[in-house]
Amino acid sequence: MRGAGKSSRRSSADEAATRKRGRSLAALGYTQPQTYEELRAVLSSGTVHFPKRLRQVAIFLWQHPSDVALGTIAQVAAQAGVQPSTLVRFAQIFGYSGFSDFQSLFKDHVKGSWPEGRGEPRAETEPNAAMHFLHGMVGASQASLGRIEAGFDVESFENMVALLAGADLIYVIGSKRAFPVTTYLSLTLSQQGVRNVLVDNVGSSALDQVGCIGSRDAVLAVSFSPYNSITPDLVAVAHERKARIVTITDSTFSPLIPLSDSWLEVVESDFAGFRSLAASLAVGMALVQGVAAKRGA
């Protein structure tokens with residue numbers, strides 16, 4: 001009898017959880033997403049808030065639809081850094097019974113599209129491990145650049161150029177993996193005669209470096225997931241000082257989005273755990289050229 005009671009309580013709890021999820025989605029005005037684009041629209045709306053692990057899943061799904069479409073649940077979970085059960089929970093939030101049904105959104109999305117490079121060179125082109133890695137990184141870079149060409153937001157790009165060109169001083173902010181990008185962008189801005197400050201945080205001085213930022217200045221920020229750097233704190237200071245903020249980042253979940261006047265999504269592919277920077281550098285250099293041209297006009 002005790003076992004039957006426990007089973008009954010579990011069943012009731014499961015039913016209650018299901019009803020709660022249904023009420024939550026209904027309250028937000030959403031029906032079950034039928035396409036990948038509909039799912040992205042829900043995720044980018046800012047009205048669905050996830051706990052840490054589910055947010056981690058959402059970011060991965062946003063950035064790597066091809067990996068989700070082509071992988072097993074175990075492979076996708078490993079790449080996202082979560083347990084397979086977390087993927088199932090995420091799918092159920094959106095009204096799917098399990099991950100397989102949910103995965104069909106991604107399969108339909110990538111079907112017939114240009115494949116994202118997975119860095120899998122043919123055996124005859126791999127004389128050693130170093131060449132295998134080189135071919136893999138080249139493939140990841142090509143995939144990143146191809147994604148930019150396939151869906152570039154020209155309006156946001158032009159708005160970012162205008163905001164940067166109109167600033168008295170540009171603060172270039174990025175740390176960790178984004179730092180090589182911001183360092184090069186700062187250098188090329190200087191070479192083009194555009195006054196800028198590279199916030200490099202030498203001696204833990206980043207907050208002091210942005211201490212004089214004002215409303216006539218602008219910030220060019222670069223940030224990538226998992227967004228665990230000092231960059232959001234520095235951009236928040238600039239936002240409080242009424243500076244204009246433009247951002248290059250890799251998903252709508254970036255904490256810089258609510259602080260930005262304009263932003264561009266740049267998603268880099270990876271190989272063997274190393275992500276390319278090719279697309280970020282290409283977009284950043286185009287911004288620099290656009291700013292220099294607009295100032296010289």
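A quick note: this is a predicted structure, and the numbers were derived from the prediction, not measured.

Scoring rules and cut-offs
Residues numbered from 1 in each chain as written. Predicted model: local features only at pLDDT ≥ 70, side-chain atom pairs only at ≥ 80, totals over all residues. Heavy atoms only, no water. Helix = DSSP H or I, 4+ residues; strand = E, 2+ residues; numbered from the N terminus. Buried < 20%, exposed > 50% of the residue type's maximum accessible area, 1.4 Å probe, protein only. Contact = heavy atoms within 4.5 Å. Areas by Shrake-Rupley, 256 points an atom, 1.4 Å probe, with all protein chains shown as cover. Axes fitted to C-alpha atoms, helices over the stretch in contact; angles between N-to-C directions. Parallel < 35°, antiparallel > 145°, perpendicular 65-115°, else oblique. Nonpolar A, V, L, I, M, F, W, Y, C, P; charged D, E, K, R; others polar. Pairing = 2+ DSSP bridges. Right-handed = clockwise from strand over helix to strand, strands pointing away. Arc of directions from axis to C-beta.

*Asks:* For this particular structure, what's the right way to read the overall build of the protein?
*Replies:* When you go through the protein residue by residue, the secondary structure sums to 13 helices and seven strands. Classification of the 297 residues of the protein by burial places 44% in the buried group. Residue pairs in contact within the protein that sit at least 24 positions apart in sequence constitute 71% of those at least 6 positions apart. Carbon and sulfur atoms provide 54% of the accessible area of the protein, an area that totals close to 15300 Å².

*Asks:* Looking at this structure, I do not really get the packing of helix α8 (residues 129-150) against helix α13 (residues 278-296). What am I missing?
*Replies:* In the contact formed by α8 and α13, the axes pass within 8 Å of each other and the chain directions differ by 45 degrees. By the angle between their axes, α8 is oblique relative to α13. Together, Ser-141, Ser-144, Leu-145 and Ile-148 of α8 and Ala-278, Ala-279, Ala-282 and Val-283 of α13 make up the contact between the two elements. Among the residues making up the contact of α8 with α13, the classes are represented as six nonpolar, two polar and no charged.

*Asks:* Can you help me understand the pairing of strand β1 (residues 170-173) in this one?
*Replies:* One face of the sheet, then the other: side chains in a regular strand alternate in exactly this way. The alternating pattern of β1 places Ile-170 and Val-172 on one face and Tyr-171 and Ile-173 on the opposite face, and all of these are buried. Alignment of β1 against strand β2 (residues 196-199), held across four bridges, turns out to be parallel. Opposite Ile-170, over in β2, you have Asn-196 as the bridge partner. Taken together, β1, helix α10 (residues 179-191) and β2 constitute a β-α-β crossover, and its handedness is right-handed. Across four bridges, β1 lies against strand β3 (residues 218-223) in parallel orientation.

*Asks:* What is the right way to look at the sheet that holds β2 in this model?
*Replies:* Strand pairing within a sheet occurs via backbone hydrogen bonds; the two strands may be parallel or antiparallel. Pairing in this open sheet of five strands is parallel, and the strands run β2-β1-β3-β4-β5 from one edge to the other. Of all strands in the sheet, those with a lone pairing partner are β2 and β5 (262-265), marking the two edges. Strand after strand, the sheet turns through a mean of 15 degrees between neighbouring axes, direction not considered. Bridging between β3 and strand β4 (residues 244-249) involves six bridges; their strand directions are parallel.

*Asks:* What am I meant to see in helix α5 (residues 73-80) here?
*Replies:* Helical geometry note: an α-helix holds 3.6 residues per turn, so side chains three or four residues apart project in the same direction. Every buried residue of α5 is listed here: Val-76, Ala-77 and Ala-80. Considered in projection along α5, the buried side chains sweep an arc of 100 degrees and stay on one side of the axis. Tucked inside the fold, the buried residues of α5 contact α3 (52-63), α4 (65-70), α6 (84-93) and α7 (99-110). At the C-terminal side of α5, Gly-81 shows a positive phi close to 75 degrees.

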